Amino acid sequence: MVGPAAKREGVAHLQAVLGLSERRACQIVGADRKMIRYRSCRPPDTELRARLRDLANERRRFGYRRLFILLRREGEPSGVNRIHRLYREEGLSVRKRRARRKAVGARAPILIEAKPNARWSTDFVHDQFANGRRFRILNIVDDVTKQCLGAIPDTSISGRRVARELTAIIERHGKPGMIVSDHGTEFTCNAMLAWCHDNRVAWHFIAPGKPMQNGFVESFNGRMRDELLNETLFFDLVDARMKVAAWVTDYNERRPHSALGYQTPAAYAAKLTATDHQLRRLSVAPTAPQGIQTAEALIATG
């Protein structure tokens, strides 16, 4: 035990629990009896503590030295050691901030349009072959239509490979308004940053440790693991690619999705595309009749 306060607590404990005398308890703890009997005459410093707390709440990143300077400016005669003691007793120590090396996603929910290619989500899911060698699958999902746009199995997938696969998917399905992912090194490398800049695609990183912000692809990963990975034995990479491709086709074209009213993702995407084309045709106003130039007539005719 170090310090008078700790030794007083130790002596009090020995006296209360074991019934020892003060002399015997002081011998065991190694404390002087005068120190144990001493009672502080120090004033409570209520006003100074209150002012110190107010300044610490106002200046949250100030330590006791800067708070001491502020108090000295207000005419407080106390020394820096006294201010430091009160600062520690009040629990006002400033916590060091961790280094922010990752991009932090927006805390507000992202609003997207109900149309294909409004937003994609991407993530990796891992599994292994029959011989124990591990491989991974890059999944890319449309958040609105729930379509699996790509499921690429391989033993190693780098950032350059992700960029090539995204380019191929854009050529088939069109460019997305936004892509969401975690902070994996494949998504934060220079190759992906250059790809986003060249293709003018907005990339959103979820907050670290918050996979629920990427819930669409996480849900898809769960379905893939439950219905394919846990039920299938993969012998090699060629076998994995064939089985994953067959499952993705079944998922998009035949498997009913509960979030889409038990429609298939392909049927739902076709429905949204047809509705979007119909709305675009209806939004085009007919031309004004020949010879009519007044504003009222033009407004009446659309």
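Reading the values: rules and limits
Residues numbered from 1 in each chain as written. Predicted model: local features only at pLDDT ≥ 70, side-chain atom pairs only at ≥ 80, totals over all residues. Heavy atoms only, no water. Helix = DSSP H or I, 4+ residues; strand = E, 2+ residues; numbered from the N terminus. Buried < 20%, exposed > 50% of the residue type's maximum accessible area, 1.4 Å probe, protein only. Contact = heavy atoms within 4.5 Å. Areas by Shrake-Rupley, 256 points an atom, 1.4 Å probe, with all protein chains shown as cover. Pairing = 2+ DSSP bridges. Axes fitted to C-alpha atoms, helices over the stretch in contact; angles between N-to-C directions. Expected span 1.5 Å × (residues − 1). Arc of directions from axis to C-beta. pLDDT = per-residue confidence, 0-100. Core = buried A, V, L, I, M, F, W, Y, C linked by side-chain atoms within 4.5 Å. Phe/Tyr/Trp six-rings, centres within 6.5 Å; stacked < 30°, edge-to-face > 60°. Polar contact = N/O pair within 3.5 Å; in protein donor to acceptor, adjacent residues only side chain to side chain. Salt bridge = Lys/Arg side-chain N within 4 Å of Asp/Glu carboxyl O.

Here the focus is the overall build of the protein. When helices and strands are tallied, the protein shows 13 helices and five strands. Relative to its 302 residues, the protein shows a buried fraction of 35%. When contacts within the protein are restricted to residue pairs at least 6 apart in sequence, long-range pairs at least 24 apart make up 56% of them. A total accessible area of about 19,600 Å² is found for the protein, and carbon and sulfur atoms account for 51% of it.

Moving on: the sheet that holds strand β2 (residues 134-142). Ordered by their spatial adjacency, five strands build an open sheet running β3-β2-β1-β4-β5, and the pairing between neighbours is mixed. Each edge of the open sheet carries a strand with a single partner, namely β3 (148-154) and β5 (202-205). Between one strand and the next, the sheet's axes are offset by a mean angle of 25°, whatever the strand orientation. Across the sheet, helix α7 (residues 159-173) is in contact with β1 (120-128), β2, β3, β4 (178-181) and β5; its angle to β3 comes to roughly 150°.

Another point: the pairing of β3. Counting buried positions along β3 gives seven out of seven residues, so the element sits mostly inside the fold. Hairpin connection from β2 to β3: five residues lie between these consecutive antiparallel strands, with K146 at a positive phi of about 65°.

So, about helix α1 (residues 4-18). Look at α1: 21 Å from first C-alpha to last across 15 residues, which is about the 21 Å you get at 1.5 Å a residue. Considered for burial, the residues of α1 that qualify are K7, G10, V11 and L14. In an axial view of α1, the angular spread of the buried residues amounts to 95°, which keeps them on one side of the axis. Opposite the buried face of α1, at more than 90 degrees from it, the exposed residues are E9, A16 and V17. In this structure, the buried side of α1 is in contact with α2 (22-29) and α3 (33-37). Following α1 by one or two positions, G19 has its phi on the positive side, about 70°.

Averaged over every residue, the pLDDT of the protein is 84; the share at 70 or more is 86%. Taken element by element, the predicted model of the protein shows its lowest mean pLDDT in helix α13 (residues 295-300) (44) and its highest in β2 (95). Across residues 284-289, where pLDDT falls below 50, the model places five contacts with residues more than four positions away in sequence or in other chains. Across residues 291-302, confidence stays below pLDDT 50; counting only partners more than four residues off in sequence or on other chains, it has eight contacts.

A separate point is the nonpolar core. Membership of the largest hydrophobic core comes to 20 residues, with the highest contact counts inside it found for W120, L138, V162, L166, W195 and W203. Mapped by element, the contributors of at least two residues to this core are β1, β2, β3, α7, α9 (190-199) and β5. A per-element tally of this core places α7 first, with five residues. Residues contacting L138, with those up to four places away along its chain left out, are T122, D123, F124, G150, A151, I152, I157, V162 and F187. Among the nonpolar cores identified, the runner-up in size contains 18 residues, and V125, F135, L229 and Y251 belong to it.

Another point: the packing of aromatic side chains. Scanning the entire structure with this criterion turns up nine aromatic pairs. Between W203 and F205, the ring centres sit 6.5 Å apart and the planes meet at 40°, which makes this aromatic pair tilted. With relative accessibility at 15%, the residue W203 sits in the buried group. You can call F205 buried: its relative accessible area is 14%. Aromatic side chains F220 and Y251 sit 5.0 Å apart centroid to centroid with 85° between the ring planes, which places their arrangement in the edge-to-face category. Of this pair, F220 sits in helix α10 (residues 215-229) while Y251 sits in helix α11 (residues 237-253), and the two are 31 residues apart along the sequence. The class for F220 is buried, based on a relative accessible area of 2%. The class for Y251 is buried, based on a relative accessible area of 3%.

Here we come to the pairing of β4. Taken together, the two bridges between β1 and β4 define a ladder with parallel strand orientation. Residue S121 lies in a different strand from β4, and its bridge partner there is V180.

Turning our eyes to something else, we now look at the environment of S121. By the secondary structure assignment, S121 is in strand β1. When the C-alpha positions of S121 and D143 are compared, they lie 6.5 Å apart, and in sequence the two are 22 residues distant. Residues contacting S121, with those up to four places away along its chain left out, are N139, I140, V141, D143, V180, N214, F216 and V217. A polar contact is formed between the side chain of S121 and the side chain of D143, at a distance of 2.7 Å.

Another aspect to go through is the pattern of salt bridges. The tally for this structure, following the rule as stated, stands at 17 salt bridges. Between R37 and E22 there is a salt bridge, with the nearest N and O atoms lying 2.9 Å from each other. Of this pair, R37 sits in helix α3 while E22 sits in helix α2, and the two are 15 residues apart along the sequence. The residue R85 makes a salt bridge to E89 at a minimum N-O spacing of 3.4 Å. Residue R85 and its partner E89 are both found in helix α6 (residues 80-89); the two are separated by four residues, about one turn of the helix.

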